[in-house]
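Remarks on the overall topology
Spelled out from the first residue to the last, the chains are:
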Amino acid sequence: MHGEPYDLQNPGPEIEHCIADEGSDPATENDWSLLPFMALSDGAHLSTEEFSYFTLCQKGASNKPETSLFGIACSRQLDSSLLVNRPPDVTRSTVQKAVVVVTDTPQRVAQLREKLSVVTSAWFAQHDFTDIDILKKFREGLVISLLNDGPKDQNLGLSLREMIHEFKFQTLVLFKALLLQPKMLFFGTRCERLCMIQFSLISLIPGLINNLQDCADPAFDTYSQTVEKPTSLKTSDRSSLLAYMGLPLQIFGKGSMFGPYTPLQLLDLLADDGTKSYVVGSTNSLLLQQKDRYSDILINLDEDSIVINSPSLRNALVLSAADRRWIDLLTQIVNDTWDEEHPSQPKTLGFMGSEEFIRLQFEEYLLALLSSMKYHEELYPSDAGDSGNRSGTQLQTYNIEGDPAIDFNTEFLTQWKTTYNYALFSRLTSDALLFSITEPRHPNAGGLTMEDVQRRLAQQVADLHLDERVREGREALNRHFSTGQKKVSAAFNSFWSDIETMREAQRKRTEERNASQSQSQRASLEKESPTSPTASSQDPTDASWFAARPRASVDLTQAQASVTVASQKASSYLSSWGTWASEKRRGWQDKRVTSPTPNTTATPNAGMTSPSTPVLSIATETVTVESDRDRRRSMQNNSEGNESSEGGLTRSGSRRKRWSNILLRRDSGEFQRYDDVSTSDSAEAPFPKSPLSQGFPAYADDAKHKHTQDLQDGKTAGRDTVDVDGFSSVALTPNEGLGLSLKNEETGSTNQKEHSPSSGVDTQSEELVTVPLGKEETHPAQSKDSSGTN
C-alpha cells in the first residue's frame, strides 16, 4: 500500500507507507520512484475519486526472472481543516492521497477496483491518516483471496460494447493496428476510462491478457524465450486449439511496452531507440503538441477520433469490403441492443450483443486471418521460404478457391509479416497446416454489395444525429417563436392602445367642435331673428323663426323639362291611338264593301229605314254582350295601368276616363236608344264628338253629305267649342258618332252561328259593336278572335 502527502515542502508526490511481507520493501528494491506519479494522474485533483492503472518492473533474482507487475490506484482528496491530527508538514488547504494495490496478474483488476474504492473511502472518513489499521487488514484479506482462488480468465470489468458503440467501424481499425505494433498513444482527461479502453483492446486477442509479463519494459523478452511449440492438438479443448494456432500473438515482446497510464516522467523511455512500439495512455495535453514524435496513431477519447500520422500505416489499415461488412454487422447488433442505463449489457439480456458474443466474433475473425495467412504462404512459397514447398502438392485436396487472404487487405498482410509478433507466430506454427483445422475464409467474404452501401448510408445518417439536432432546433425555434409572439403581442397591444387614445382624443375634439358650431349657429339665428331671444326660446313654433329659415330653391329648368317630356309622351300616345283607329275604320269599310246587302225583309222594321242611313251588317259586325263587357273591362284596366304608368300625363288619363264614362253611360241606358226607322234630324241628341268621327266618318258618302249639310246650316260653327283638354264638342246622331248600331235586332240562329261562332250566348241577346281603345293593332281577319280575348 502506498500513500503520499502533497504540500509546498514536497512539491512532488512520494510514498508514505508500504505494507508488504515482513522484512521487505518492494518500492525500494525495485526502484519504484515513479510510482507516486503513476498513482496520482494529471488532473486527478479535479475529481472527487479517480482510478489509475499502470505497469511496474520487478527485477529478477536467482529464483525468479524479471517480470512485469500491475498497479491500480484510487485517489481522493480531503479538506485539511477536517483532519483530527493535522501534521505540521500539511500546509495546503486540501490533502490528496492515493491507496495503491500492486499485483502480478491483471485478471483481478475489476475485483480489486471495487474493494479498493470501499477501503479508500473508509480510510478518508476517519479524518486521521496516521491510523493505517484498515489498510493492513485489507492487505491480509487480499492475500487470502488470491491463495484460495485459482487463476481465472476474467475481463477486468471492461466494456467492449461501449468501445464499439463509440468507435463503430474504427474498432476494427484499432484491432488491426494493434497487430502491426505501431506507436499507439491514447489521450483522455478521464484516467480510468483511458486505461479501460486499452485493456479492452488488448483483451480482444485471445490469451494475451494472461501473458503480459514482458509489457512493462521494452527490454523484457521472457515469453519468446520460454514458450514451446505445441506438438499435439485437442480440438475439444479451447486452450489447446488456441495454442496450436499460435495464440496468443505476443504484441508486447522485445522492443515493445504497455503503459495504460504513462506519466511525463517516462517520456525518455518512449523516445529511446530500443522502444520500437508501445500502447500507452496520457492525460497531459502536452503530448498532443508533440504527437508526431510520440505516436504513429493517436486516439483522442475526448473527441472520439483516430489520427494516423504514418502514411504507410494509413494505407495498411484501410478496411476491405469484407472487413467493413463484418464490423458494420457487429456494430448494428450492438446498437440494436443498446441500453443507456446499463451500457455493459444488452437491453434484451441475451447472448446477442453481449461482451462474450463480441469476444467470440473477434476470435473467429482472428482465427480466419491466421488460417488465410497460412494458406497464402502455401500458395506463394517464395514469400514464406522453404516451408511452403512441402505442402504445395496437397493444396488441391482442400478445394479452396483463390487466395482468401485478399479479403483482409494484402497491404496489411505485407506489413504484418515484418512485425515481431508475426515472426513468433510463424515460428510456432511452421509445421502446422492451420487451414486444415480452420477454414481459410473471411467471415464475410465477398465484394461490395448493395446491402453494404445501404448499411453504410444508414450508419452515416445515424452518425449525423439528425433527430437530436432537429429536436434541438425545434426547441430553439419554439423558444424564439414564443418570445417573438410575446413581443408582437405586446407591440400590437401598445399600438392598439395608441389608436384607442387617438380615437378618443379625436372624438372629444369633434364633440367640442360640434358644440362650438351649434352655439355659433344659435347665436347667429338669435341675432337675425326679429323677436327677442327669450321669446324665441319659449315659442319654438313662432312664425318669425320659420321666416328666418332660407326658402327652398325651385329649379324651373327641371320643371319645364318634365312638362316637355310629359307632353311628348302624350302626343306620341295620341298619334299611335289615332293611327290604330284609322286602320280599324279602313278595315271596317273594306268589310262593308265585300259584305252582301242585308235582307230588308228579314227585319220587321226594314221598310221604315231611311235610305240615307247606312245599316251595318249584323252578321259581320256583331259580337256578344259578354265579349263587349270583357273588352270594356280590359280597356278600363289598360286605361288605369296606362294612367299609372304615364305618371304626369294628366290629359291622356282624362281622355281615357271620358271614353270609359261614355261607354259605361251607354250601357246603363243613359243614352237614348233609337229605332232604325227613326232617322230624322229631329231625333238627334247632343253627344260629344269623338276623335273617330271628326276626320274619319263611318261611310265616305254619308260623311261628305253630312259635312255639306253642316256647312249649310251653320251648325258646326255654332257648336264647336273647345274644352280644357283641347277637344271641341259636337252633337252626334245614333248613326253618326261612333258608327254604332244601338238597337235590338233579332236575327236567325243560323246567321249568328255562322258569323259569331265563339260568342257562346243566346241569339236573342243584345249584340253591340264596340271599338277597342287599346294600343294594339288587330288584323281584320283576326278581329273576332282578338275581340274575344282582348
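Calculation notes
Residues numbered from 1 in each chain as written. Predicted model: local features only at pLDDT ≥ 70, side-chain atom pairs only at ≥ 80, totals over all residues. Heavy atoms only, no water. Core = buried A, V, L, I, M, F, W, Y, C linked by side-chain atoms within 4.5 Å. Buried < 20%, exposed > 50% of the residue type's maximum accessible area, 1.4 Å probe, protein only. Helix = DSSP H or I, 4+ residues; strand = E, 2+ residues; numbered from the N terminus. Domains from an automatic or database assignment. Contact = heavy atoms within 4.5 Å. Phe/Tyr/Trp six-rings, centres within 6.5 Å; stacked < 30°, edge-to-face > 60°. Lys NZ or Arg CZ within 6 Å of the ring centre and 35° of its normal. Axes fitted to C-alpha atoms, helices over the stretch in contact; angles between N-to-C directions. Parallel < 35°, antiparallel > 145°, perpendicular 65-115°, else oblique. Left-handed = near helix turned anticlockwise from the far one by under 90°. Pairing = 2+ DSSP bridges. Patch = residues over 30% accessible without salt bridge, like charges linked within 9 Å, V, L, I, M, F, W, Y side chains within 5 Å. Areas by Shrake-Rupley, 256 points an atom, 1.4 Å probe, with all protein chains shown as cover. Salt bridge = Lys/Arg side-chain N within 4 Å of Asp/Glu carboxyl O. Nonpolar A, V, L, I, M, F, W, Y, C, P; charged D, E, K, R; others polar.

For the protein chain, the name recorded in an unreviewed UniProt entry is UDENN domain-containing protein, with Penicillium vulpinum as its organism.

L179 and W416 are the most contacted members of the largest nonpolar core, which has 95 residues in total. Considering each element in turn, this core owes the most residues, 10 residues, to helix α15 (residues 355-379). Taken domain by domain, the makeup of this core includes at least three residues from each of domain 1 (26-147) and domain 2 (160-464). Not counting chain neighbours up to four residues away, the residues in contact with W416 comprise L179, L180, L249, L369, L370, M373, N421 and Y422. Listed in part, the 13 residues of the second largest apolar core include A27, A39, L56 and A98.

Scanning the entire structure with this criterion turns up 17 aromatic pairs. Relative to F124, the ring of W123 has its centre 6.0 Å away and its plane inclined at 85°; by these criteria the two rings are edge-to-face. The class for W123 is buried, based on a relative accessible area of 1%. According to the relative accessible area criterion, F124 is buried, its value standing at 5%. Ring centres of Y365 and F408 lie 5.4 Å apart, and the angle between their planes is 65°; this geometry places the pair in the edge-to-face category. With a gap of 43 residues between them, Y365 in helix α15 and F408 in the loop between α16 (381-384) and α17 (410-416) connect regions that are remote in the sequence. By the burial criterion, Y365 is buried, and F408 matches it. In textbook terms, an aromatic cluster arises when at least three aromatic residues are bridged by ring pairs, as seen for F175, W326, F362, Y365 and F408. The ring centre of F51 lies 4.2 Å from the NZ or CZ of R113, which sits over that ring.

As a further point, take the packing of helix α3 (residues 109-125) against helix α4 (residues 133-148). Helices that pack against each other are described as a pair by the angle of their axes relative to one another and the distance between those axes. Close contact between α3 and α4 brings their axes to 10 Å; oriented N to C, the two are set at 165°. Relative to α4, the element α3 is oriented roughly antiparallel. Remark: the crossing between α3 and α4 carries right-handed chirality. Residue-level contacts link L112, K115, L116, V119, A122 and W123 of α3 to I134, L135, F138, L142 and S145 of α4.

Attention shifts here to the sheet that holds strand β8 (residues 305-308). The 5 strands are arranged β5-β6-β4-β7-β8 in an open sheet whose pairing can be described as mixed. In the strand order of this sheet, the two ends are held by β5 (256-259) and β8, each with one partner. Averaged over all neighbouring strand pairs, the angle between strand axes comes to 15°, with direction disregarded. Pairing analysis gives 4 bridges linking β5 to strand β6 (residues 277-282), with the strands arranged parallel.

Next up on the list: a nonpolar patch on the surface. Judged by side-chain polarity, M450, V453 and L457 come together as a nonpolar surface patch covering roughly 280 Å² of accessible area. Tracing the sequence through the fold places M450 in helix α19 (residues 450-463).

What follows covers the environment of L264. Here L264 is to be found in the loop between β5 and α10 (267-270). In sequence terms L264 and L287 are 23 residues apart; their C-alpha atoms lie 8.6 Å from each other. Not counting chain neighbours up to four residues away, the residues in contact with L264 comprise D42, N284, L286 and L287.

Once that is clear, we can look at the sheet that holds strand β2 (residues 67-79). Reading across from one edge, β1-β2-β3 is the order of the 3 strands in this open sheet, with antiparallel pairing throughout. This sheet does not close on itself; its edge strands, each paired only once, are β1 (49-58) and β3 (94-103). Looking at each pair of strands side by side, their axes are set apart by 25° on average, direction ignored. Contacts between α3 and the sheet are confined to β1, β2 and β3, with β2 contributing the most and set at about 30° to the helix.

This brings us to the pattern of salt bridges. Under the defined criterion, the tally for this structure stands at 15 salt bridges. For R113, the salt bridge is made with E192, and the minimal N-O distance between the two is 2.4 Å. Of the two residues, R113 sits in helix α3 while E192 sits in helix α7 (residues 191-202), which places them 79 residues apart along the sequence. Members of the salt-bridge network, linked through shared partners, are R113, E114 and E192.

The contact between helix α5 (residues 160-167) and helix α14 (residues 321-336) brings their axes to 10 Å, and the two run at 110°. Regarding the angle of α5 to α14, the classification is roughly perpendicular. Seen from above, α5 lies across α14 with left-handed handedness. From α5, R161, I164 and H165 reach across to α14, where they touch L330, T331, V334 and N335. The residue inventory of the contact of α5 with α14, partitioned by class, reads 3 nonpolar, 3 polar and 1 charged.

Let us look at the environment of S121. Within the secondary structure, S121 sits in helix α3. By relative accessible area, which is 28% here, S121 ends up partly exposed. Along the primary structure S121 and E49 are separated by 72 residues, whereas in three dimensions their C-alpha atoms are 9.2 Å apart. What S121 contacts, discounting residues up to four positions off in sequence, is E49 and R76.

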